[in-house]
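Examining the three-dimensional arrangement
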Amino acid sequence: MPNRNQIAFLASFVGTSVLLYALSEFVKAKLHAAGYHVSDLILIGLEKKPRVQADDEMTDFMSGPYAQLIALALALVTSAWVYLKFGRGKRKPVLDSQVWKEFPLKEKIVISPNTAIYRFALPHPEDVLGLPIGQHVSVSAEIGGKDIMRSYTPTSSDDNLGHFDLLVKAYEKGNISRYISLLKIGDKVRIKGPKGQFRYTPQLAREFGMIAGGTGITPMLQIIRAALKNPLDRTKLSLIYANVNPEDILLKKELDELASKHSHRFRVFYVLNNPPPSWDGGVGFVTKEHIEKYLPPTSTDIKVLMCGPPPMITAMKKHLAELSYAAPRTVSKLEDQVRRRVLTEPPHC
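Residues numbered from 1 in each chain as written. Predicted model: local features only at pLDDT ≥ 70, side-chain atom pairs only at ≥ 80, totals over all residues. Heavy atoms only, no water.

1. Side note on the overall build of the chain
Stated formally: Here a helix means four or more residues in a row that DSSP labels H or I, a strand means two or more in a row labelled E, and each is numbered from the N terminus. Each residue is placed in one exposure class: buried if its accessible area under a 1.4 Å probe, protein chains only, is under 20% of its type's maximum, exposed if it is over 50%, and partly exposed if it falls in between. Whether two residues are in contact is decided by their heavy atoms: any pair within 4.5 Å suffices. In this description, accessible areas are obtained by the Shrake-Rupley approach with a 1.4 Å probe, and a residue is regarded as covered only by the protein chains that are shown.
Regarding its fold elements, the chain presents eight helices and twelve strands. Residues classed as buried in the chain amount to 42% of the 349 residues present. Counting contacts in the chain only where the partners sit at least 6 residues apart, residues at least 24 apart contribute 72% of the total. As presented, the chain carries roughly 20000 Å² of accessible surface, and 59% of it is formed by carbon and sulfur atoms.

Rendered as structure tokens:
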């Protein structure tokens with residue numbers, strides 16, 4: 001249904017068009033009464049020549065009501081196209097950092113036996129979630145009589161209208177992750193946000209180094225997608241992504257495609273605890289040597305982002321310190337060189 005602004009636009013356009021049409025008819029009638037033809041106005045000062053009947057018919061047609069109706073129809077079509085293309089601004093963001101809101105599950109896209117993308121519907125098909133790149137949302141549920149809350153980073157963006165996506169790996173002893181995994185189509189979750197101090201912009205750094213473990217890939221993927229789809233963004237991105245087994249590498253196909261398509265800006269290096277026989281990535285845990293080889297060296301115009309389980313983050317802080325990167329603060333700020341987020345459930349960043 002059209003809103004008030006849309007109705008006002010159409011009403012003003014139709015009213016103006018009718019007024020102009022009535023005015024043109026009035027002027028044309030006065031000219032005819034005075035013995036002038038509309039086409040004669042263009043030829044004022046020139047010698048008049050006898051009209052050819054066919055020309056008279058064509059001229060009468062072009063200055064008659066049919067031509068004006070055609071012009072009016074073309075104007076209506078053109079204005080409607082311009083309005084649909086440029087006149088409709090984005091709807092107001094749905095998220096509210098002060099109010100919990102509920103959103104129904106509309107689709108579940110299975111990624112692996114214990115991981116899926118959960119797609120939640122927004123109230124209107126053209127709604128946007130309103131989450132700045134680099135920030136996250138809180139998910140809340142009542143579990144065992146207690147309100148449990150966890151932070152998640154949607155893998156979708158405001159380019160995706162009418163829905164948002166959460167990539168969730170379910171753990172048997174997880175709280176929110178298991179709760180989400182048991183949702184049925186139509187079931188709702190409570191969401192609040194945006195949250196976080198970090199907000200990505202193309203001018204934030206010359207290059208980003210990223211270290212992710214497991215589902216800690218989601219905040220990295222959010223930034224990677226946003227940066228690489230922007231033709232004006234020149235930021236370089238280097239990712240080290242650690243997991244236990246090959247099947248734990250989430251969205252590997254997309255990451256590899258992005259690295260291939262944007263090889264001058266994005267590269268990814270995988271590390272596995274239990275690699276297959278033909279594995280050509282890292283083996284075991286992420287080491288200082290991995291960081292030194294695959295991430296940008298410390299500089300005032302680079303930043304490092306980390307997201308993973310607590311033991312991994314502790315080890316990475318030590319490696320980065322030995323390589324002269326700035327130490328991350330307990331509560332990271334936008335200007336920090338190194339930022340960390342810790343997986344708290346086994347859930348999620």
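2. Structural notes on the pairing of strand S7 (residues 207–213)
Just so we agree on the cut-off: Strand pairing follows a simple DSSP-based rule, namely that at least 2 bridges must link the two strands.
Of all seven residues making up S7, seven are buried, and the element is well covered by its neighbours. Residues Glu207, Gly209, Ile211 and Gly213 line one face of S7 and the alternating positions Phe208, Met210 and Ala212 line the opposite face, and both faces are buried. Across six bridges, the pairing between S7 and strand S11 (residues 302–308) is parallel. From the neighbouring strand, Ile211 faces S11, where its bridge partner is Met306.

3. So, the side chain of Gln222
To keep it simple, the criterion reads: Pairing of N or O atoms within 3.5 Å defines a polar contact, subject to two protein rules: one partner must be a possible hydrogen donor and the other a possible acceptor, and residues neighboring in sequence count only if both atoms are side-chain atoms.
Note on placement: Gln222 falls in helix H5 (residues 217–228). Gln222 gets classed as buried once you look at its relative accessible area, which sits at 4%. A polar side-chain atom of Gln222 sits 2.9 Å from the main-chain amide nitrogen of Gly134.

4. Description of the sheet that holds strand S4 (residues 146–152)
Selection rule: Note on geometry: axes are lines fitted to C-alpha atoms, helical ones only across the stretch in contact, with angles between N-to-C directions running from 0 to 180 degrees.
What the six strands build is an open sheet, ordered S4-S3-S6-S1-S2-S5; its pairing is antiparallel. The sheet terminates laterally at S4 and strand S5 (163–169), the two strands that pair on one side only. Taken over all neighbouring pairs, the strand axes of this sheet differ in orientation by 40 degrees on average, direction set aside.

5. Considering the packing of aromatic side chains
Defined as follows: Any Phe, Tyr or Trp ring, taking Trp's six-membered ring, that has another such ring centre within 6.5 Å forms a pair; planes under 30 degrees apart are called stacked, those over 60 apart edge-to-face, and the others tilted.
Under the defined criterion, the tally for this structure stands at six aromatic pairs. Seen in terms of ring centroids, Tyr200 and Phe208 are 5.7 Å apart; in terms of plane orientation they differ by 55 degrees. Their pairing is tilted. When its relative accessible area of 9% is taken as the criterion, Tyr200 is described as buried. Among the residues examined, Phe208 registers a relative accessible area of 0% and is labelled buried. Taken together, Phe103, Phe120 and Phe164 form an aromatic cluster joined through their ring pairs.

6. Digging into helix H6 (residues 252–261)
The α-helix winds at 3.6 residues per turn, so residues separated by three or four positions along the chain end up facing the same way. Short version of the rule: The arc in question is the one spanned by the directions pointing from the helix axis to the C-beta atoms.
Among the residues of H6, Leu255, Leu258 and Ala259 are the ones counted as buried. Taken end-on, H6 shows its buried residues confined to a sector of 100 degrees, consistent with a single buried face. Exposed side chains of H6 directed beyond 90 degrees from the buried face belong to Lys253, Ser260 and Lys261. On the buried face of H6, the contacting elements are H5, strand S8 (236–243) and strand S9 (266–272).

7. Brief notes about the nonpolar core
Our working rule: Buried Ala, Val, Leu, Ile, Met, Phe, Trp, Tyr and Cys residues form a nonpolar core when they are joined through side-chain atoms within 4.5 Å.
Met210, Ile217, Met220, Ile224, Leu239, Tyr241 and Phe266 are the most contacted members of the largest nonpolar core, which has 31 residues in total. Contributing elements (two or more residues each) for this core: S7, H5, S8, H6, S9 and S11. Residue contributions to this core peak at eight residues, all from H5. If sequence neighbours within four positions are ignored, Ile217 has contacts with Leu167, Ala212, Leu239, Tyr241, Leu250 and Leu255.

8. A few points about the packing of H5 against H6
Applicable threshold: In this scheme the handedness of a crossing depends on how the near helix is turned from the far one: anticlockwise by less than a right angle means left-handed, clockwise means right-handed. The nonpolar class holds Ala, Val, Leu, Ile, Met, Phe, Trp, Tyr, Cys and Pro. Asp, Glu, Lys and Arg form the charged class, and all remaining residues, Gly among them, are polar.
Two elements in contact, H5 and H6, have axes separated by 12 Å at closest approach and are oriented at 35 degrees. Regarding H5 and H6, the two cross each other, and that crossing is left-handed. Here H5 contributes Ile217, Leu221, Ile224, Arg225 and Leu228 to the contact with H6, which in turn contributes Glu254, Leu255 and Leu258. Among the residues making up the contact of H5 with H6, the classes are represented as six nonpolar, no polar and two charged.

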